[in-house]
Amino acid sequence: LGLLGTAGPGHFGFRVLAYRHHRDRGYPFAPGSEDGGLGYSWWLMKFGHRRYRDNALGMFGGNAGVMGWITLIGIVGTAVAIVMKR
């Protein structure tokens, strides 16, 4: 839960910054990611932002992507630990 408590909010915060920067620069969105929701999170976690070669988007998107993976691993690990305890 510690990972989720720090990486989760970090992912969502950097996702908002990345989305706003992405939109402000006028870059096209991948299909299904236009609303800045879960599709955009997944796009960032796949490091799709690299193709734009934008330093600010790279920083926001890279941080969001890494923190997203840490959050996902934390959630899966917690779920496995709960199931194994039973």
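In this report, the structure presented in the accompanying data block is examined. It should be emphasised that the depicted structure is a prediction, and the values quoted were computed from it without experimental measurement.

Moving on to the nonpolar core. Grouped together as the largest cluster of nonpolar side chains are eleven residues: Ala-18, Tyr-19, Tyr-27, Ala-30, Tyr-40, Trp-43, Leu-44, Tyr-52, Leu-57, Phe-60 and Ala-64. Contributing elements (two or more residues each) for this core: helix H1 (2-25), helix H2 (38-45) and helix H3 (55-85).

Below, the discussion takes up a nonpolar patch on the surface. Nonpolar side chains collect at one region of the surface, where Trp-42, Trp-69, Leu-72, Ile-73, Val-76, Val-80 and Met-84 lie side by side and expose about 710 Å² of accessible area between them. No other element matches the six residues that H3 contributes to the nonpolar patch. Its place among the elements puts Val-76 in helix H3.

A few words now on H2. Buried within H2 are the following residues: Tyr-40, Ser-41, Trp-43, Leu-44 and Met-45. With its phi angle positive at about 55°, Phe-47 sits one or two positions after the end of H2.

Reading guide: rules and limits
- Residues numbered from 1 in each chain as written.
- Predicted model: local features only at pLDDT ≥ 70, side-chain atom pairs only at ≥ 80, totals over all residues.
- Heavy atoms only, no water.
- Core = buried A, V, L, I, M, F, W, Y, C linked by side-chain atoms within 4.5 Å.
- Buried < 20%, exposed > 50% of the residue type's maximum accessible area, 1.4 Å probe, protein only.
- Helix = DSSP H or I, 4+ residues; strand = E, 2+ residues; numbered from the N terminus.
- Patch = residues over 30% accessible without salt bridge, like charges linked within 9 Å, V, L, I, M, F, W, Y side chains within 5 Å.
- Areas by Shrake-Rupley, 256 points an atom, 1.4 Å probe, with all protein chains shown as cover.
- Salt bridge = Lys/Arg side-chain N within 4 Å of Asp/Glu carboxyl O.

Geometric descriptors of this kind do not, in isolation, establish any biological role.
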